[in-house]
Amino acid sequence: MPNSEANDPIVVTGMGMVTPLGVGVETNWSRLTAGKSGIVQNDRFDTSEFSCTIAGLVPDKARDEHGFDPHDWIDGKDVKKMDRFIQYGLAAAKEAIAQAGWTPESAEDKAATATIIGSGVGGAPLLVESALTIAEKGPRRLSPFTVPAFLVNLAAGWISIQYGFTGPIGAPVTACAASAQAIGDGMRLIHTGEAEVVVCGGAEGSVDPVSIGGFAAARALCTAYNDRPKEASRPFDADRAGFVLSEGAAVLVIEKLSHALARGAKPLAVLGGYGTSADAYHLTAGHPEGLGAQKAMRDALAMAGLTTSGIDYVNAHSTSTQVGDLAEIKGIAALFEGRGKDLMVSATKSSTGHLLGAAGATEAIISVKALMEGVVPATLNLENPDPEADLFDLVPKVARKAPIRHVLSNAFGFGGVNAALVFSKV
C-alpha cells in the first residue's frame, strides 16, 4: 500500500482513554508521566484460590474522582444491555469524537464514517456468568440481551448506532494486536476511499475468573508480586515474572489532513505507517528472533517513508514475560542494527498492565501524546535491566523530556500476529 501523499497525510484528530490509570486522556497522561501504576489487588471477585491476585482494574468513580461510572457515559436503560468492555469502548469513543468535533448530520458524511473497534476477548465475563446462570437457575433466567452484550463486534456496533455512523464497520479479534490492527484497517479504508473518517481502537473488560485462571494456567501471568502489585509489571527487568492482566479501552479518530482542516479540526499527529504480519511459529510465543515483528516494523516504516535512523522512540509491546520481551528486543535490535542508547525504547505496560486487545490503541495514544508533549514515558520497575534489552535507552523509572519527531508503536498477540504503527509530529 502506498504512503499517503506527503501534503495530505492521515492525521489523528481525536483520542479517548479508559485504563487502570483512570478515565480520560489527560488523566492517563499526567499519571503515566508521574510514574503512577494502575496495578492493584484484584477485588473484582474472590481470588483466594487463584495463584494471581492482582490486576489492572479501571478505578471506580466512587473511589477516584477520575474513575469510571458507566452512567456518566451511557443512558441508564442501556447500561445493563452491555458487558463491561462495551461500556469502556463507548466512554473512550465519546471522548475521542468530542475532541475531534466530528458530529456529522448529513447522510453522506455518516456513510463516510467507519467504526473499527477490536477486542481480544470481548464479553467473556458475561458469557461465563450466563453459563453459570443456566447451570444454577436454568436458561429462562437469561436476559434477552445476553448475546448482544458479549459479542465482540458490539462495541463497534453500539458506537455506530449511537452516532449514526453508517460507513464500514468491523472488529478485529486478533488477541493483543487487535486494536493496533483496527487502526491499520482504518488507514486502509481511508487510503482506498471507502471512508473519510474512521473511529478506531479497542476495548477490553476481561478481568474475570476464567481469564485470570486461564492465563495463570498457561504460566503467562505474574504471580510473584501478589503482595507488591505496583512492582509486578516490569518489562525488560531481569526479575520480570509474567504480565498483569488489565482492562479498559482506547479510541482514536483519524482522517486525511485536508478533511480535518476543511472542517476546522486540529491535527494532533500524523499516522504515517502500518505493518502487520504472522509469525507462523507458535500458538502463544512469538518467534524467538522476532522475525515477524521485524517484518511488521519494517513495513510500517516503509509506508511512512522512513528509515530506522528516523525513529526517535519505540513504544514497545513488551508485557513483562521472559519469552515475549526478549523476542521483541531481538527483533528491534536486528531491524535497528547500529542503533544503541540513541534509541529510546520504553514499555508503558509497566504502568498500565496489559489491556490485551485494547493495548495497541492505548499505546498508540501514548505515542501521540509523547509527540505532542515532547516527553517519553518511563519503563517503571526497571531495577536490573536484562543485558540484551539494555542495548537501548530504556528510559528507566522516570519520564524524560526529549525532542521526538517519529515514534514506532508495537503490538503483538497470541497466534503469532504482529502489528506496528508509525506516528509523526504534525
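Source: prediction; values computed, not measured.

Criteria and thresholds
- Counting restarts for each chain, with residues numbered from 1 along the sequence as it is written.
- Local features are withheld for residues below a pLDDT of 70 in this predicted model, meaning they are given only at 70 or higher, and side-chain atom pairs are given and counted only at 80 or more; totals for whole chains, interfaces and linings count all residues.
- Excluded from the side-chain calculations are hydrogens and water; all other atoms, namely the structure's heavy atoms, are used.
- Counting from the N terminus, the helices are the DSSP runs of H or I reaching at least four residues and the strands are the DSSP runs of E reaching at least two.
- Throughout, radius of gyration means the C-alpha value; the globule benchmark is 2.2 Å times the number of residues raised to the power 0.38.
- A 1.4 Å probe rolled over the protein chains alone gives each residue an accessible area, and that area as a share of the maximum for its type sets the label: buried under 20%, exposed over 50%, partly exposed in between.
- Should any heavy atoms of two residues lie within 4.5 Å, those residues are considered in contact.
- A positive count includes Lys and Arg, and a negative count includes Asp and Glu. His and the chain ends are not counted in either.
- In plain terms, the charge of a residue is placed at NZ if it is Lys, CZ if Arg, CG if Asp and CD if Glu.
- Axes here mean lines fitted to C-alpha atoms, for a helix over just the part in contact, with angles spanning 0 to 180 degrees between N-to-C directions.
- Should an angle fall under 35 degrees it is taken as roughly parallel, and over 145 as roughly antiparallel, whereas 65 to 115 is taken as roughly perpendicular and any remaining angle as oblique.
- For this classification, Asp, Glu, Lys and Arg are treated as charged, while Ala, Val, Leu, Ile, Met, Phe, Trp, Tyr, Cys and Pro are nonpolar and the rest, including Gly, are polar.
- Counting of polar contacts relies on pairs of N or O atoms within 3.5 Å, with two restrictions inside protein: one atom must be capable of donating a hydrogen and the other of accepting it, and residues adjacent in sequence are counted only when both atoms are side-chain atoms.
- One speaks of a salt bridge when a side-chain nitrogen belonging to Lys or Arg is within 4 Å of a carboxyl oxygen belonging to Asp or Glu.
- Strand pairing is defined by DSSP finding a minimum of two bridges between the two strands.
- Stacked, edge-to-face and tilted are the three classes for Phe, Tyr and Trp ring pairs, Trp counted by its six-membered ring, which pair at centre distances within 6.5 Å; planes under 30 degrees apart are stacked, over 60 edge-to-face, the rest tilted.
- By definition, disulfides here are pairs of cysteine sulfur atoms that lie within 2.5 Å.
- Here a cavity is any set of points on a 1 Å grid over the protein atoms alone where a 1.4 Å probe fits but cannot get out, and a pocket is any open set with protein on both sides within 12 Å along at least 5 of 7 lines; a residue lines the site when it has an atom within 4 Å of a point.
- Grid points are joined across faces, edges and corners, and a volume is the space filled by probe spheres set on the points.

Our focus in this paragraph is the overall build of the chain. Secondary structure assignment for the chain yields 14 helices and 15 strands. Whereas a compact globule of 426 residues would reach a radius of gyration of roughly 22 Å, the chain reaches 20 Å, a difference of no more than 12%. Principal axes of the C-alpha set define a box for the chain whose edges measure 65 × 55 × 40 Å. Each of the 426 residues in the chain was classed as buried or not, and the buried ones make up 62%. Taking all contacts inside the chain whose residues are at least 6 apart in sequence as the whole, residues at least 24 apart take part in 79%. Distance between charge centroids for the chain: 2 Å, based on 35 positive and 46 negative side chains.

Running from N to C, helix α8 (residues 178-191) and helix α14 (residues 359-373) cross one another at 65°; their axes reach a closest spacing of 5 Å. Classified by the angle their axes make, α8 and α14 are roughly perpendicular. Residues Ser179, Ala180 and Ile183 of α8 form the contact with α14, whose own contacting residues are Ala359, Gly360, Ala361 and Ala364. Of the residues belonging to the contact of α8 with α14, the class tally is 5 nonpolar, 2 polar and no charged.

Moving on to the side chain of Ser246. Residue position: Ser246 is located in the loop between α9 (209-217) and β8 (248-256). Note on Ser246: relative accessible area 0%, which makes it buried. A polar contact of 2.8 Å, which involves the side chain of Ser246, links it to the backbone oxygen of Thr352. Setting aside chain neighbours within four positions, we find Ser246 in contact with Pro20, Ile39, Gly56, Val207, Thr352, Gly353, His354 and Leu355.

This part covers the side chain of Asp325. Examined against the element boundaries, Asp325 turns out to sit in helix α12 (residues 322-335). From its side chain, Asp325 meets the backbone nitrogen of Thr319 in a polar contact 3.2 Å long. Contact partners of Asp325, with chain neighbours within four places excluded, come to Pro235, Phe236, Arg240, Ser318, Thr319 and Ser320.

The final tally for this structure, using the stated rule, is 23 salt bridges. Ionic pairing is found between Lys77 and Asp78, a salt bridge with its closest N-O pair at 3.6 Å. By relative accessible area, Lys77 is classed as exposed at 59%. According to the relative accessible area criterion, Asp78 is buried, its value standing at 12%. Among the salt bridges present, the one from Asp342 reaches Arg339, with a minimum N-O distance of 2.5 Å. When salt bridges that share partners are traced, they join Glu26, Lys369 and Glu373 into one network.

A few words now on unusual backbone geometry. Located in the positive-phi region is Ala175, a residue other than glycine, with phi close to 50°. Along the chain, the position of Ala175 falls in the loop between β6 (169-170) and α8. In the Ramachandran plot, Ala280 falls in the positive-phi region, its phi being about 50° despite a non-glycine side chain. Assignment of secondary structure puts Ala280 in the loop between β9 (269-278) and α11 (291-304). Note on Ala280: relative accessible area 75%, which makes it exposed.

Of all the 8 residues making up strand β15 (residues 417-424), 8 are buried; the element is thus mostly covered by neighbouring parts of the structure. Sheet topology note: the β9/β15 ladder contains 8 bridges and is antiparallel. Its bridge partner lying in β15, Ser277 is registered against Asn418. Looking at chain direction, strand β14 (residues 406-413) and β15 are connected through 8 bridges and run antiparallel. The residue of β15 that forms the bridge with Phe412 is Asn418. What sits between the antiparallel neighbours β14 and β15 is a turn of 3 residues, in which Gly415 has the positive phi angle 90°.

So, on to the packing of aromatic side chains. According to the stated counting rule, one finds 5 aromatic pairs in the structure shown. Between the aromatic rings of Phe68 and Tyr88, the centroid separation amounts to 5.0 Å while the plane-to-plane angle is 75°, which identifies the pairing as edge-to-face. One end of the pair, Phe68, is in the loop between β4 (54-56) and α2 (76-79); the other, Tyr88, is in helix α3 (residues 84-100), with 20 residues separating them in the sequence. An identical accessibility class is assigned to Phe68 and Tyr88; each is buried. Aromatic side chains Phe215 and Phe243 sit 5.2 Å apart centroid to centroid with 75° between the ring planes, which places their arrangement in the edge-to-face category. Here Phe215, found in helix α9, pairs with Phe243, found in the loop between α9 and β8; they are 28 residues apart in sequence, far enough to count as distant. One exposure class covers both Phe215 and Phe243, and it is buried. Chaining the aromatic ring pairs together yields one cluster made of Phe215, Phe243 and Phe414.

Attention now goes to the state of the cysteines. Under the defined criterion, the tally for this structure stands at 0 disulfides. The structure places no disulfide on Cys222, whose sulfur is separated from the nearest cysteine sulfur, that of Cys52, by 6.8 Å.

Below, the discussion takes up the layout of surface pockets. Taken as a whole, the largest pocket holds about 700 Å³ of empty space. Residue lining of the largest pocket: 35 residues in total, with Thr284, Ala285, Thr321, Gly324 and Phe414 positioned closest to the centre. Only α12 and β14 provide two or more residues apiece to the lining of the largest pocket. The greatest single-element share of the lining of the largest pocket, amounting to 6 residues, is contributed by α12. Of the residues assigned to the lining of the largest pocket, the class counts are 15 nonpolar, 16 polar and 4 charged. The volume enclosed by the second largest pocket comes to roughly 580 Å³.

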